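Coordinates in review
Here is what each chain is made of, one letter per residue.
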Amino acid sequence: VNSFDVGKLKENISVGLDNNQRVYYKNITLGSKNSSDFYLGFSMEPIFNIQGGYAKVGDEITLSTTDDSVIYYTLDGSFPNKNKIKYTTPIKLNKNTVIKAISYKDGYLESDIVSRTFITDRTHDIAFVSISTDNNSLFGGNGLITNYTSNSEKKINFEFYDNFGNLGVSTLANAKLSGMDSRKEPQKSISIYLRKKYGTSSMNYPFFDNLDYHEYSSLLLRNAGEDPKNVRIMDAALTRILKGEMDIDMQEYRPVVVYLNGNYYGISNLREKLNGDYVESKFSISKDDIFLIKYNTPTKGNNKEYNSLVNYLKNNDPSDNKVYEYLKTKIDMQEIINYFIVESFYGNTDLGNIRYWKSKDGKLRFMLYDLDWSLWNTSLDMGYPIKQIKVPAATYLPSSINMVRRLYRNSEFKDLYLSSVAKYLKTTFKPERMIKIVDELSKEIEKEMPYHIKRWGNYYPNLNSMSKWNNNLSSFKKSLTNRYNKVVNNLKNYFNLSNSEYQKYFGDLK
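We now turn to the structure provided with this report. Source: prediction; values computed, not measured.

Let us look at the overall build of the protein. Check the secondary structure of the protein and you find 13 helices and 25 strands. Projected onto its principal axes, the C-alpha coordinates of the protein cover approximately 85 × 65 × 40 Å. For the protein, the computed accessible surface area is about 23,100 Å², with 45% contributed by carbon and sulfur atoms. Considering the protein, the positive charge centre built from 69 side chains and the negative charge centre built from 58 side chains are found 5 Å apart.

Below is the structure:
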């Protein structure tokens, strides 16, 4: 009968026709006559003469629109409306400043909010992120930073500026605390979520190098967790060591400086979120067609198929090749082997951090993350995933350990496991290679560390000077070498190998 282009839509706004003219309504009247109060469209967004990033004290920021709308703005991170400052003259910068602006025009809906952050005190060698919102949302009684027990989401503006201070992304989003015990740390980990109600549910930007996908609906600003070595890059380095070396699902990493309402918050580790969007981006599988489980709790789908697989393994012997051939259609054997080799080589003692996923017609895969509790003890038995010994962890998932232990009964799986250990010891885990990567990552943040230490050193006695940080890095690198040597010298014992088995897999290991 009729059709029209609805144009731009926002949450709690409806669109309709009035005398064949497209109009917008704030009073939604589903199933009844349209309201007599309507708007002809949206006011045009405010335009900044400088698109954020690095500026100088004394610089003037001018705001304008192309439709003569009236502009209102804030300088404290809060969201502007008609009760805020009316723009009449250029805004002169005298410190780090977040300017948020909105425009209004009679007969039109208000524009989207535009946010830009200006850093005046210095520049950075790495990218920076600006999070801005009402001060109470950050530091109030239920604030993002002040209440570590809260899981509530706060409306924020997320801005990302690249290594040269150029604006990459500015968008409304929600933020909440991330982590478990690490959320008690003075510096917090913050998860960023794009929400459709703000106009978009994803952002397309190359936050990480060398990835063939750039669309993200969530990101993590990680505080380095409970890094026992106090190097700030432990989890990132242990992950980067694996990059390009083995098939394993893990988070990308990029160091960033964070500002909260224009105030310096130190270095954070920008990471991917291991969720349905990660699977969808990396494997081109709809997140609606997978199950994803964290420990024993489904975060996507349900755990029926996983439990069925566990029960099948329990009631059928994988040493039977027919059973194993069936299991190969359900489990990505190489990936699960990679996962447990990494966990056991690094001696991760926090195995409660476990995620695994599977698509409807795909194979079970594990997700590697949170390696902060690795290398506490370089003498830990690397054979625990396949031997009936106590796992050196406070918590772990028995079904996943038992899965590997039963699979190891099969000669093909055992051969793949030991061959993989040998391969990675000869390549991936060579001490000189690992140490080079640690040096590369530490070099990235070296010039920023004095400022981070000034911000957080009073809270971390073992990280309150550059000399301590450098000593921590030396200790970390030494532990990598010690772990490698310990493993190489104990392979026969770790895996209960005969002389012939040892020669087959590790005889040429030097």
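Right, picking up where we left off after that structure.
A word on the packing of aromatic side chains. Taken as a whole and assessed by the stated rule, the structure comprises 36 aromatic pairs. Seen in terms of ring centroids, Tyr306 and Tyr356 are 4.3 Å apart; in terms of plane orientation they differ by 35 degrees. Their pairing is tilted. A residue pair is termed long-range when its members are at least 10 positions apart, and Tyr306 in helix α4 (residues 304-315) and Tyr356 in strand β24 (residues 355-359) qualify at 50 residues. Residue class for Tyr306 comes out buried when judged on its relative accessible area of 1%. Residue classification places Tyr356 among the buried positions, given a relative accessible area of 0%.

On the surface, Phe4, Val6 and Leu9 cluster together into a nonpolar patch covering about 230 Å² of accessible area. Locating Leu9 in the fold gives a position in the segment before β1 (14-18). Accessibility expressed as a relative area gives 40% for Leu9, which makes it partly exposed.

With mixed pairing, the 5 strands of this open sheet are ordered in space as β4-β11-β10-β7-β8. Both edges of this open sheet fall to β4 (53-54) and β8 (85-86), since each of them pairs with a single strand only. In this sheet, β8 lies alongside strand β7 (residues 70-74) in antiparallel orientation, the contact comprising 2 bridges. Following the sheet pairing, Tyr73 is matched in β8 by Ile85.

The next thing to look at is the pairing of strand β18 (residues 218-222). Buried residues dominate β18, accounting for 5 of its 5 residues. As judged from the 4 bridges shared by strand β15 (residues 189-193) and β18, these two strands associate in the antiparallel manner. Paired with Tyr193 across the bridge in β18 is Ser218. With 4 bridges connecting them, β18 and strand β21 (residues 263-272) associate as antiparallel partners. Across the sheet, residue Leu219 finds its bridge partner in β21, namely Glu272.

Another point: the pattern of salt bridges. Under the definition given, this model contains 28 salt bridges. For Asp332, the salt bridge goes to Arg365, with nearest N and O atoms at 2.7 Å. Linking Asp332 in the loop between α5 (321-328) and α6 (333-346) with Arg365 in strand β25 (residues 365-368), this pair joins segments that are 33 residues apart in sequence. Note on accessibility: Asp332 and Arg365 belong to one class, buried. Across the salt bridge formed by Lys443 and Glu446, the nearest N and O atoms sit 3.3 Å from each other. Taken together, the shared-partner salt bridges connect Arg222, Asp235, Arg271, Asp370 and Asp372 into one network.

As a further point, take the sheet that holds β18. Strand order in the closed barrel formed by 7 strands is β12-β13-β14-β15-β18-β21-β20, with mixed pairing between adjacent strands. Going from strand to strand, the sheet's axes swing by 40 degrees on average, the running direction of each strand aside. Across the sheet, helix α9 (residues 431-445) touches β20 (253-260) and β21, and the angle it forms with β20 is around 20 degrees.

Mapped onto the secondary structure, Gly41 falls in the loop between β2 (21-25) and β3 (47-48). A relative accessible area of 7% means that Gly41 is categorised as buried. Separated by 67 residues in sequence, Gly41 and Tyr108 have C-alpha atoms that sit 5.1 Å apart. Setting aside anything within four residues of it in sequence, one finds Gly41 in contact with Tyr24, Gly107, Tyr108 and Leu109.

Our next topic: the nonpolar core. Ranked by internal contacts, the top residues of the largest apolar core, which has 127 residues, are Phe207, Tyr417 and Phe429. Beyond its immediate chain neighbours, meaning those up to four positions away, Phe429 contacts Ile241, Leu242, Met246, Ile341, Val342, Phe345, Tyr346, Tyr424, Met434 and Tyr484. Listed in part, the 13 residues of the second largest apolar core include Ala55, Tyr73, Leu93 and Ile99.

This paragraph deals with helix α11 (residues 466-489). With 24 residues, α11 should cover 34 Å at 1.5 Å per step; its first-to-last C-alpha distance of 35 Å lies within 8% of that length. Along α11, the positions that sit buried rather than exposed are Trp469, Asn472, Leu473, Phe476, Ser479, Leu480, Arg483, Tyr484, Val487 and Val488.

Side chains on a regular strand alternate between the two faces of the sheet. Pairing geometry for β1 and β2, over 5 bridges, is antiparallel. Looking across to β2, one finds that Leu17 is bridged to Arg22. Hairpin connection, β1 to β2: the antiparallel pair is bridged by 2 residues, and Asn19 has positive phi, about 55 degrees.

This next bit is on unusual backbone geometry. One non-glycine residue, Asp68, lies in the positive phi region at around 60 degrees. Tracing the backbone through its elements, the reader meets Asp68 in the loop between β6 (63-64) and β7. The backbone of Ser284 sits at a positive phi, close to 55 degrees, despite the residue not being glycine. Here Ser284 lies in the loop between α3 (276-283) and β22 (290-294).

Moving on to a negative patch on the surface. Residues Glu215, Glu280, Asp289 and Asp361 make up a contiguous surface patch of negative charge. In this structure, Asp361 sits in the loop between β24 and β25.

Turning next to the environment of Leu109. Within the element layout of this structure, Leu109 appears in the loop between β10 (97-104) and β11 (114-119). On the basis of relative accessibility, which here comes to 2%, the residue Leu109 falls in the buried class. Sequence spacing of Leu109 and Phe38 is 71 residues, and the spatial spacing of their C-alpha atoms is 9.1 Å. Setting aside residues up to four positions removed in sequence, Leu109 forms contacts with Ile13, Tyr24, Lys26, Tyr39, Gly41, Phe42 and Ser43.

A word on the environment of Ser191. Assignment of secondary structure puts Ser191 in strand β15. Ser191 sits in the buried class, given a relative accessible area of 1%. Distance in space between the C-alpha atoms of Ser191 and Asn302 is 24 Å, their sequence separation being 111 residues. For Ser191, the contacting residues outside a window of four places in its chain are Asn174, Ala175, Lys176, Ser178, Leu219, Leu220 and Lys273.

What counts, and where the lines are drawn
Residues numbered from 1 in each chain as written. Predicted model: local features only at pLDDT ≥ 70, side-chain atom pairs only at ≥ 80, totals over all residues. Heavy atoms only, no water. Helix = DSSP H or I, 4+ residues; strand = E, 2+ residues; numbered from the N terminus. Areas by Shrake-Rupley, 256 points an atom, 1.4 Å probe, with all protein chains shown as cover. Lys, Arg positive; Asp, Glu negative; His and termini not counted. Charge placed at Lys NZ, Arg CZ, Asp CG, Glu CD. Phe/Tyr/Trp six-rings, centres within 6.5 Å; stacked < 30°, edge-to-face > 60°. Buried < 20%, exposed > 50% of the residue type's maximum accessible area, 1.4 Å probe, protein only. Patch = residues over 30% accessible without salt bridge, like charges linked within 9 Å, V, L, I, M, F, W, Y side chains within 5 Å. Salt bridge = Lys/Arg side-chain N within 4 Å of Asp/Glu carboxyl O. Pairing = 2+ DSSP bridges. Axes fitted to C-alpha atoms, helices over the stretch in contact; angles between N-to-C directions. Contact = heavy atoms within 4.5 Å. Core = buried A, V, L, I, M, F, W, Y, C linked by side-chain atoms within 4.5 Å. Expected span 1.5 Å × (residues − 1).

Purely geometric numbers; function is a separate question.
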